[in-house]
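Take a look at the letters that make up each chain.
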Amino acid sequence: MFVLIWSILLCLVTASSADPGASAMTELQCFFGFCISLSEGEITADAGLCAVIHCSFTFAPDFEVSSAAWYKCNQSEIACREIFHSKKNKVQLHFRGRVSLLEPDLNQRNCSIIINDLDQSDSGTYQLRVNGSRNKGPYEFTFKPKASVSVKALTQKPTVEVPALTEGQQTTLTCTAPGLCSESDPNITWTWRRSAEDDSYITGNITTTHGHNSSLTFTPSAKYHSTEVTCKVNFRGNKSTQETVTLNVTWPPVILNSSGCINQSEVLTCVCISQSIPLPTIRWPLLDKHSNYSLAYTVSKYTTNSTVILPVKELSSTDVQCVSTNDLGKVKKNLIIRTSEKSFAQENGGFSAIPLTVTVVSLIVNILLIVCLIFLWNSRKKMKQNQEDQTYLTVNIRDISSDYEVITRRVSASVD
């Protein structure tokens, strides 16, 4: 009787001194001097990850704990099978190596366990039993309260951290797998490619740290903009999850070498082509000194093309500069002025609209001339054939004369 009263008082004291911040725990429930506190409500977790059953217990002063065992009960909660024993290696095969105590020293009165590599079949109720001695004899006690665990299909995704990306500046992407409580290290892989019409790949160094984290280090360039990068995490039991992010690469504008000017008949035509992310703007300081000009812009993806046409008389006094700007910076370029038919674009591996037009027109004229010559040749040949036929017919209807013999010989010779 004294022992029972003492046990109840001990439980009340322990309950009143419990950590108020442990919201996942219920209040202590005592049975014959043994008290337990389990995770409150149903514990939900994703397949492939892990679940923790928070548990603490107290026992009568005359009880000496030696080991603890956890059981999983079926839906009827009638039959329960041992899934873990703190001192035995023989446990249910399905749970072998997946269940462990958070605190191996049971004298700390912490009976919390972690279940790794969850499967949906792990759903159910879990019950604790403690083994030891009491009054110098073996004694075991099974706690009546049970913890409920529900395992759902894997829905959690890894977390991918992407810093600001600037062309030419090395950067590192970090992927963190879900289920950090798990003691089993997942397999983390990176895959990446650009749009569907371009199968080029990013090259970089992949480093995996602390099992649940992986990093991808590379130097971004403009062609990686809008590239989709995927971090895939594979857990045991053929369970996987992934997260995809889209790269947003910036850097300042660049004026292409195909930019330049050409002067023909005192008319100056200049083209400035600039690329950047975000899209650049183009300005012509030259236009501040002129009022008579034509200006046009075209935009394609991350490229701005500006063309200006204006009359000039003194070419040597004209200084043509193109200024390209975006949010990251500004770039200037003095354009070269050409006066020959060979344009600036041809010298830089591009093409010029003016020489191309001349070439096309010349080709068309040549084709027309050839067609005319063939037509004239065929007409002349047909005319000759018609003249010979008429001569031959004339011979057949004319009276026989002194010329007949000569004409006949000519026609006969032709027929032969």
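Not measured: the values here are computed from a predicted model.

**Points about the overall build of the protein chain**
From N to C terminus, the protein chain includes 4 helices and 29 strands. Counting every position in the protein chain, which comprises 416 residues, the buried fraction comes to 37%. Long-range pairs, those at least 24 residues apart, make up 59% of the contacts in the protein chain between residues at least 6 apart in sequence. Total accessible area on the protein chain is roughly 25,200 Å²; 53% of this is exposed by carbon and sulfur atoms.

**Structural notes on the side chain of Asn326**
By the secondary structure assignment, Asn326 is in strand β27 (residues 321–326). Contact partners of Asn326, with chain neighbours within four places excluded, come to Trp251, Pro252, Pro253, Ser276, Ile277, Pro278, Leu279 and Pro280.

**Considerations on the state of the cysteines**
Summed over the entire model, instances satisfying the criterion amount to 6 disulfides. There is a disulfide in this structure between Cys30 and Cys35, and the S-S distance comes to 2.0 Å. Here the S-S torsion is close to 105 degrees, and the disulfide linking Cys30 with Cys35 is therefore right-handed. Taking the relative accessible area as the measure of exposure, Cys30 reaches 35% and is therefore partly exposed. Covalently, Cys55 is tied to Cys111 through a disulfide, its sulfur atoms 1.7 Å apart. Residues Cys55 and Cys111 share a disulfide whose torsion about the S-S bond is about -75 degrees; that sign makes it left-handed. Taken together, the residues Cys55 in strand β5 (residues 55–58) and Cys111 in the loop between β8 (99–101) and β9 (113–115) connect sequence positions 56 residues apart.

**Notes on the packing of aromatic side chains**
Across all of its chains, the model carries 11 aromatic pairs by this definition. Between the aromatic rings of Phe34 and Tyr139, the centroid separation amounts to 5.9 Å while the plane-to-plane angle is 10 degrees, which identifies the pairing as stacked. Of the two residues, Phe34 sits in strand β2 (residues 34–38) while Tyr139 sits in strand β11 (residues 137–142), which places them 105 residues apart along the sequence. For Tyr139, a relative accessible area of 30% translates into the label partly exposed.

**A look at the environment of Thr191**
As for its placement among the helices and strands, Thr191 is situated in strand β16 (residues 187–193). The class of Thr191 is partly exposed, set by a relative accessible area of 45%. A C-alpha to C-alpha distance of 9.3 Å links Thr191 and Thr244, two positions 53 residues apart in sequence.

**Points about a nonpolar patch on the surface**
Together, Leu279, Val299 and Tyr302 line one region of the surface with nonpolar side chains, adding up to about 250 Å² of accessible area. Following the sequence through the fold, Leu279 ends up in the loop between β23 (267–277) and β24 (281–283).

**Overview of the sheet that holds β24**
Strand order in the open sheet made by the 3 strands is β24-β27-β28, with antiparallel pairing throughout. Looking along the sheet, the strands with just one partner apiece sit at the ends: β24 and β28 (329–334). Geometrically, the sheet is characterised by an average inter-axis angle of 20 degrees between neighbouring strands, direction not taken into account.

**Quick look at the sheet that holds β16**
If you walk across this open sheet you meet the 3 strands as β16-β19-β20, and the pairing is antiparallel. The outermost strands of the open sheet, each flanked by one partner alone, are β16 and β20 (239–246). Strand-to-strand twist of the sheet, defined as the mean angle between neighbouring strand axes without regard to direction, takes the value 20 degrees. Here strand β19 (residues 228–235) runs beside β20; their pairing, made up of 8 bridges, is antiparallel. Each residue of the ladder has a partner; that of Glu228, found in β20, is Thr246.

**Thoughts on the side chain of Arg129**
Checked against the element boundaries, Arg129 lands in strand β10 (residues 124–134). Given the relative accessible area of 12%, Arg129 is considered buried. Here Asn131 takes part through its side chain, which lies 3.1 Å from a polar atom of the side chain of Arg129. Contacts of Arg129, omitting those with residues within four sequence positions, involve Ser67, Ala68, Ala69, Tyr71, Glu82, His85, Glu140, Phe141 and Thr142.

**Notes on the nonpolar core**
Membership of the largest hydrophobic core comes to 33 residues, with the highest contact counts inside it found for Ile53, Trp70, Ile115, Tyr126, Leu128, Val130 and Phe143. For this core, the leading source of residues is strand β6 (residues 63–73), giving 4 residues. Discounting chain neighbours no more than four positions away, the residues touching Phe143 are Phe34, Cys35, Ile36, Phe57, Thr58, Gln127, Leu128 and Val130. Grouped together as the second largest cluster of nonpolar side chains are 21 residues, Leu165, Leu173, Ala177 and Cys231 included.

**Thoughts on the confidence of the model for the protein chain**
Low-pLDDT stretches of the model should not have their predicted coordinates read in fine detail. Looking at the protein chain as a whole, its pLDDT mean stands at 75, while 69% of the residues score no less than 70. Across residues 1–23, where pLDDT falls below 50, the model places 15 contacts with residues more than four positions away in sequence or in other chains. Confidence drops under a pLDDT of 50 for residues 384–416, and excluding neighbours within four residues, the segment shows 5 contacts in the predicted structure.

**Considering unusual backbone geometry**
In this model, Ile277 is joined to Pro278 through a cis peptide bond whose omega is 5 degrees. Summarising the element assignment, Pro278 is placed in the loop between β23 and β24. Although it is not a glycine, Phe32 sits at a positive phi angle of roughly 55 degrees. Relative to the assigned elements, Phe32 resides in the loop between β1 (29–31) and β2. Under the relative-accessibility criterion, Phe32 is labelled exposed at 66%. For Asn238, which is not glycine, the phi dihedral falls at a positive 55 degrees.

Rules of the game
Residues numbered from 1 in each chain as written. Predicted model: local features only at pLDDT ≥ 70, side-chain atom pairs only at ≥ 80, totals over all residues. Heavy atoms only, no water. Helix = DSSP H or I, 4+ residues; strand = E, 2+ residues; numbered from the N terminus. Buried < 20%, exposed > 50% of the residue type's maximum accessible area, 1.4 Å probe, protein only. Contact = heavy atoms within 4.5 Å. Areas by Shrake-Rupley, 256 points an atom, 1.4 Å probe, with all protein chains shown as cover. Disulfide = S-S within 2.5 Å. Phe/Tyr/Trp six-rings, centres within 6.5 Å; stacked < 30°, edge-to-face > 60°. Patch = residues over 30% accessible without salt bridge, like charges linked within 9 Å, V, L, I, M, F, W, Y side chains within 5 Å. Salt bridge = Lys/Arg side-chain N within 4 Å of Asp/Glu carboxyl O. Pairing = 2+ DSSP bridges. Axes fitted to C-alpha atoms, helices over the stretch in contact; angles between N-to-C directions. Polar contact = N/O pair within 3.5 Å; in protein donor to acceptor, adjacent residues only side chain to side chain. Core = buried A, V, L, I, M, F, W, Y, C linked by side-chain atoms within 4.5 Å. pLDDT = per-residue confidence, 0-100.

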